[in-house]
Amino acid sequence: MDSKLLARDEDILKAAEDWRKAGRGVALATVVETWGSAPRPVGSNLVIDEEGNFLGSVSGGCVEGAVVTEALDVIGSGKPKTLEFGVADETAWKVGLSCGGTIRVYVEKVE
Amino acid sequence: MRLDILSALNAERAARRAVVIVTDVSGGHQRLVRGSDARNDPLADLLDKHLRSGKSGMEETPQGRVFLTVHVPPPRLVITGAVHISQALAPMARLLGYDVIIVDPRTAFATPERFPDVKVLAQWPDQALPPLNIDRYTAFVALTHDPKIDDPALMHALSRDCFYIGALGSKKTHGRRLERLKEQGISDSQLARIHAPIGLSIGAVSPPEIAVSIVAEITAGLRQPPEARA
């Protein structure tokens, strides 16, 4: 596993602050709801910058790629988004959670 | 999230203070509530529930659905008594994520050799405990078995909002302790906060087993709502 996925929460939020203060476009993704078996608990964070660099995790690595893509959109538009991933999702075969759970992720721009 | 909210959040966390971010997930409106201001907030009850559990989560409110991002300081365990049980208890508590501090004025007991990787204060409780700022995220145990050390330590813990207080000693020993503390003017309702004999009843015999029963009881104090406890 990418060691970046193991970063502690405080590092992630500090990174979000530092990256923004350094003038980068930044989005923060937060797990806000989970159903069934979910890899990361509610409150877990992923921070993303405009170049697609990221730190933290919202799943065990299953959906981070999709969240990063959506986050780039949020950084561009400034409008927050709520994303849902799970086996019931029609995109599950592509970016679903292999553990069978469902998660909802709130993605917002840091501004 | 606004940068000023994010900066304030990081500052509160660095200072070991609890804080909640309230986010309206449909509209995106966001505000920060400091733990010390939570009781005067319109969402006081919800905030209190989340500050106690330390868990973030979605909640229904009269204003709609909000997400509460909860940040509480890592729990601490303050152990009075650098004794054999403490040597097992300290590493177990560290595994569970606690910051551990050991207080014992007896310098032969309170040595870094006996307690690697743990903060050890070779001081009397009256001197050592007040600066620790024991808060609701602190568990407190008294394990010296010596009233000269345990009693003042327990009196300090009872004056604070710690989530767990436990004291070593049989029912008989604890009975005598309650009488002494009552003479010091501690009320029955306050004294009822002390878990004694300490630890869950699992037939523990050796010091590490007793430590297991203590960390289990502390975990129940941290995670279980009071009505669910036996």
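**Overview of the interface of chain A and chain B**
Frequently, the measure chosen for interface size is the accessible area that the parts lose on association. The interface of chain A with chain B comprises 18 residues on the first partner and 17 residues on the second. Secondary structure elements with two or more residues in the side of chain A that touches chain B: α1 (9-21), β1 (26-35) and β5 (102-110) of chain A. A total of six residues in the side of chain A that touches chain B trace back to one element, the largest contributor, which is α1 of chain A. Each residue belonging to the side of chain A that touches chain B can be placed in one class, and the counts come to eight nonpolar, three polar and seven charged.

**Section: the nonpolar core**
Among the nonpolar cores identified, the biggest contains 46 residues, and A16, A27, A29, V47, V67, V105 and V107 of chain A are the most heavily contacted of them. Setting aside residues no more than four positions away along its own chain, V67 of chain A makes contact with A29, L46, V58, L83, V105 and V107 of chain A. In terms of nonpolar packing, the next biggest core, distinct from the first, is built from 45 residues, A82, A139, C162 and V215 of chain B among them.

**A few points about the confidence of the model for chain A**
In low-pLDDT segments, the atomic positions of the prediction should not be examined closely. All names here are of chain A. For chain A, the average pLDDT comes to 83, and 78% of its residues sit at 70 or higher. Ranking the elements of chain A by mean pLDDT puts helix α3 (residues 92-95) last, at 53, and strand β2 (residues 45-49) first, at 96. Across residues 1-6, where pLDDT falls below 50, the model places four contacts with residues more than four positions away in sequence or in other chains.

**Describing the sheet that holds strand β4 (residues 81-86) of chain A**
All names here are of chain A. The strand order across the open sheet formed by five strands is β3-β2-β1-β5-β4, and the pairing between neighbours is antiparallel. For this open sheet the edge positions go to β3 (54-56) and β4, each flanked by a neighbour on one side alone. Here the average twist between neighbouring strands, direction ignored, is 20°. Here β4 pairs with β5 via six bridges, running antiparallel. Pairing of E84 across the sheet is with R104, part of β5. The strands touched by helix α2 (residues 64-77) within the sheet are β1, β2, β3, β4 and β5, with β5 carrying the most contacts at an inclination of about 35°.

**Focus on the environment of E217 of chain B**
For E217 of chain B, the position within the fold is in helix α8 (residues 207-223). Among all residues touching E217 of chain B, those that are not within four sequence positions of it are G166, H195, G199 and L200 of chain B.

**Notes on the environment of D49 of chain A**
Residue and element names in this part refer to chain A. When you line up the elements, D49 lands in strand β2. Accessibility expressed as a C-beta count within 10 Å gives 22 for D49, which makes it buried. Considering only alpha carbons, one finds D49 and R24, 25 residues apart in sequence, at a separation of 6.5 Å. Beyond its immediate chain neighbours, meaning those up to four positions away, D49 contacts W19, R24, G25 and V26.

Rules behind the numbers
- Residues numbered from 1 in each chain as written.
- Chains lettered and ligands numbered in written order.
- Predicted model: local features only at pLDDT ≥ 70, side-chain atom pairs only at ≥ 80, totals over all residues.
- Contact = placed C-beta atoms within 7 Å.
- Helix = DSSP H or I, 4+ residues; strand = E, 2+ residues; numbered from the N terminus.
- Nonpolar A, V, L, I, M, F, W, Y, C, P; charged D, E, K, R; others polar.
- Core = buried A, V, L, I, M, F, W, Y, C linked by C-beta atoms within 7 Å.
- Buried ≥ 20, exposed ≤ 12 C-beta atoms within 10 Å, placed from the backbone.
- pLDDT = per-residue confidence, 0-100.
- Pairing = 2+ DSSP bridges.
- Axes fitted to C-alpha atoms, helices over the stretch in contact; angles between N-to-C directions.

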